[in-house]
Amino acid sequence: AKARGRSAHCFFDESMTQAARERLEIEARLRTALAQGHLLLHYQPQVDVATGRIEGAEALVRWQDPEEGLISPARFIPVAEASGVIGPLGRWVMHEACRQGQQWRAAGLPAIRLAVNVSPRQFQLDDMAACAAQALAASGLPAGCLELELTESALAERPEEMRQVLQRLQALGVRIAVDDFGTGYSSLAHLKRFPIDVLKIDQGFMRDIPASADDMAIGATIIAMGHSLGLTVLAEGVETPEQLTFLRERGCDSYQGYLCSRPLPAEQFAQLLQTQQSA
Ligand code: C2E
Ligand code: CA
Ligand code: CA
Ligand code: CA
């Protein structure tokens, strides 16, 4: 990476900041990685709180760089968004998650739902309903097995356009989840205006449960509010048995977190699903 970085520098203006140069370098390498098949998905179980069974998986993208190893999305998703590479990258993620989900179904593994992250920029670059329809058709995955995760900020930008796209997704049978709920500039009006199925409580609220009475109050309120609106509520970042007990007592529907499993490579995730089936 060092050598490549240095040779790339001579193309850039001297006045360009180090950060901007780094961004351009990552962008160029990311396009190559996408073309050469160096991106992959890891899968984190989504677990039913009451039964402990895996009911879904969130697909999380990783970049397997031949020199640097596994690169986290925190490092390249922002660059992908700023440069527009998120368009092709996002389409690849959608197709790959659907392909993998259908392969697991065909292999006779327990039926699960696949959750795919979609950033606000993707809604500007692409018709997400058409993109989902294509991925479903190409893979053969039933629409009811696909869920899209979007953040509150995605809903806030161009709300009318967003409502129409989400309605078309809902008409297809695809589920919609609001990611990182409770952070950002949240407006409860969004929950009424958009066809939403799932609230994902941000992991920041789980971290200090049960120590923080405030976080417990917020968590309990989100669960109750979600339920009164007819939504499914999932808690993210669940790491301890005490946190799970809290969620069970409050009637939260599902959870994700290290307590069950970290995001896993496809093969290991399939093994975990298989174990559950034979248990
Ligand atoms: P996110 O959608 O909020 O995903 C949850 C993040 O929390 C993941 O980080 C996951 O590995 C981590 N996590 C899961 N369980 C626990 C836990 O118990 N404790 C803690 N501390 N962390 C936990 P990851 O995989 O590094 O992804 C980071 C972010 O990158 C994601 O946040 C998402 O916003 C973005 N991202 C990942 N994949 C994609 C993608 O395919 N498309 C887009 N647009 N964004 C993606
Ligand atoms: Ca997510
Ligand atoms: Ca999240
Ligand atoms: Ca997040």
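Residues numbered from 1 in each chain as written. Chains lettered and ligands numbered in written order. Predicted model: local features only at pLDDT ≥ 70, side-chain atom pairs only at ≥ 80, totals over all residues. Heavy atoms only, no water.

Visitor: What's the story with the coordination of the calcium ion (ligand 3) in this structure? I'm lost.
Guide: Octahedral metals with six donors have ideal donor angles of 90 or 180 degrees. Tetrahedral metals with four donors have an ideal donor angle of 109.5 degrees. At this site the calcium ion (ligand 3) is bound by D179 (OD), D180 (OD), E236 (OE) and E236 (OE), with donor distances of 2.2 to 2.5 Å. For the calcium ion (ligand 3), all donor residues lie on one chain, and their spacing in sequence is D-D-x55-E. Here the calcium ion (ligand 2) and the calcium ion (ligand 3) are spaced 4.0 Å from one another, each receiving a donor from D179. Taken as a pair, D180 in strand 6 (residues 175-181) and E236 in the loop between strand 8 (232-235) and helix 12 (241-249) lie far apart in primary sequence, 56 residues in all. By relative accessible area, D180 is classed as partly exposed at 26%. (Donors = N, O, S within 2.8 Å, 3.2 Å for Na, K, Ca; no water. Helix = DSSP H or I, 4+ residues; strand = E, 2+ residues; numbered from the N terminus. Buried < 20%, exposed > 50% of the residue type's maximum accessible area, 1.4 Å probe, protein only.)

Visitor: Is there a simple way to explain the site of ligand 1 in this structure?
Guide: Around ligand 1 sit 22 residues in total, of which Q44, R62, D179, E239 and Y258 are the nearest. Here a nitrogen atom of ligand 1 sits 3.1 Å away from a polar atom, N or O, in the main chain of V61. Residue D180 places a side-chain N or O atom 3.3 Å away from an oxygen atom belonging to ligand 1. Placement of ligand 1 is best described as lying within the largest pocket. Put simply, the parts of the chain that give the shell around ligand 1 at least two residues each are strand 2 (54-65), helix 3 (73-83), helix 4 (86-106) and strand 6. At four residues, the largest contribution of residues to the shell around ligand 1 is made by strand 2. When the residues that make up the shell around ligand 1 are grouped by side-chain class, the tally is nine nonpolar, seven polar and six charged. (Near = heavy atom within 4 Å. Polar contact = N/O pair within 3.5 Å; in protein donor to acceptor, adjacent residues only side chain to side chain. 1 Å grid on protein atoms, 1.4 Å probe; cavity = no way out; pocket = protein on both sides within 12 Å on 5 of 7 lines; lining within 4 Å. Sits in = over half its atoms within 2 Å of the grid points. Nonpolar A, V, L, I, M, F, W, Y, C, P; charged D, E, K, R; others polar.)

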